Amino acid sequence: MAIILAGSHVDGFLLTRILGLLNKTQRRHQQLVAQESVYWVLRKAAEDARAEAERATGTLQPTLQKGITLHHVKFHYGQKTIFKDLNIEIPINSFTVVMGPSGAGKSTLLDLLCGLVEPKSGEVQIDGISLHDINLRQWRHMIGYVSQDTILLHDTVMNNILVGEPVLTAADAERALRQAGAWDFVSALPEGLQTVVGERGGLLSGGQRQRIAIARALAHSPSFLILDEPTSALDPESERTICETLQKLAKDLTVIAVSHQPAVINAADRVFILSNGVAEPLSQVAHMNNELSS
């Protein structure tokens, strides 16, 4: 272009202006190229999100008066088989523990129970009704969930329990704390329910933090309590207290916990080991103790 311009005797002023415009055009082109790649990335992300969007299939009102059954469940991620024939029965008002090696499907099992994923075949049944036919929003409101990582806000005990539930009251917080075996220590705090727990609950012990996390899960009066490694970071005394709490809760709630801790396993009514895509029930905890020691 410069050769053509020079041959046309274009004066220096115009040449400078044209070169400036060409430079601006080149930069704009580079920006468009970069933005185009971002556009396609965003478009693919949007398409993937739409493909993975949860489908509201069920309309039936859930109940939990008999129990939960996983019946011949098969599940896989891509080419990786997680469950090839999973069969588990969880009676109401019972304490069930599930254990297994890493990658055996413990988290996937919890996702199936919450309706976050669906079996490729087989069924998850609630009181004999397929979870596929049940209103998932209503079912999840019947679930209390305690994650492996106890996350507390730098806020009061009450706000940590009632977080995300504007219709609940201080009475609900107190009831949940009593159920979780935490009311005695909370009521003894300088400001009771209004005591600030510190950054990530740092002003409380590990056992106290876990009991508040359990109280948070109980605040909306669930029927089904799910816990992921509830005592993995606790000292033996705190672990014993949590296990006793879970046993008491199982008199009125259906409780399932993922755990490898012998104390939790000994406290359970039923124990299942996930391995090779199936669940093996253990009828006697003594058998489990022998396996753990071998």
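Each remark here, short or long, concerns the structure printed above.
Residues numbered from 1 in each chain as written. Predicted model: local features only at pLDDT ≥ 70, side-chain atom pairs only at ≥ 80, totals over all residues. Heavy atoms only, no water.

K.L.:
Is there a simple way to explain the nonpolar core in this structure?
P.N.:
Soluble globular proteins tend to pack their nonpolar side chains together in the buried interior. Ranked by internal contacts, the top residues of the largest apolar core, which has 47 residues, are Phe-95, Val-157, Ile-161, Leu-177 and Leu-225. When residues of this core are assigned to their parent elements, the largest contribution, six residues, is made by helix H8 (residues 206-218). Beyond its immediate chain neighbours, meaning those up to four positions away, Phe-95 contacts Leu-246, Gln-247, Ala-250, Val-255, Ala-257, Val-264, Ala-267, Ala-268, Asp-269 and Arg-270. Within the second largest apolar cluster, 33 residues are counted, among which are Cys-114, Val-124, Leu-136 and Phe-272. (Core = buried A, V, L, I, M, F, W, Y, C linked by side-chain atoms within 4.5 Å. Buried < 20%, exposed > 50% of the residue type's maximum accessible area, 1.4 Å probe, protein only. Helix = DSSP H or I, 4+ residues; strand = E, 2+ residues; numbered from the N terminus. Contact = heavy atoms within 4.5 Å.)

K.L.:
How do you make sense of the sheet that holds strand S5 (residues 129-130) when you look at a structure like this?
P.N.:
The pairing of strands in a sheet comes from backbone hydrogen bonds and takes either a parallel or an antiparallel form. One open sheet accounts for four strands, arranged S2-S1-S4-S5; its pairing is antiparallel. Only two strands of the sheet have a single neighbouring strand rather than two, namely strand S2 (80-91) and S5. Pairing analysis gives eight bridges linking strand S1 (residues 67-77) to S2, with the strands arranged antiparallel. Its bridge partner lying in S2, Leu-70 is registered against Ile-88. (Pairing = 2+ DSSP bridges.)

K.L.:
What exactly am I supposed to notice about the sheet that holds strand S10 (residues 278-282) here?
P.N.:
Pairing within the open sheet is mixed, and its six strands lie in the order S6-S7-S8-S3-S9-S10. On the outer flanks of this sheet lie strand S6 (143-146) and S10, each paired with one strand and no other. With direction set aside, neighbouring strand axes in the sheet form an average angle of 20°. With five bridges joining them, strand S9 (residues 270-275) and S10 adopt antiparallel strand pairing. Its bridge partner being in S10, Leu-274 is matched across the sheet by Ala-279. Set on the sheet, H8 makes contact with S6 and strand S7 (224-228); between it and S6 the angle comes to about 160°. Lying on the sheet, helix H9 (residues 236-249) is in contact with strand S3 (95-99), S7 and strand S8 (254-258); it crosses S7 at an angle near 155°. (Axes fitted to C-alpha atoms, helices over the stretch in contact; angles between N-to-C directions.)

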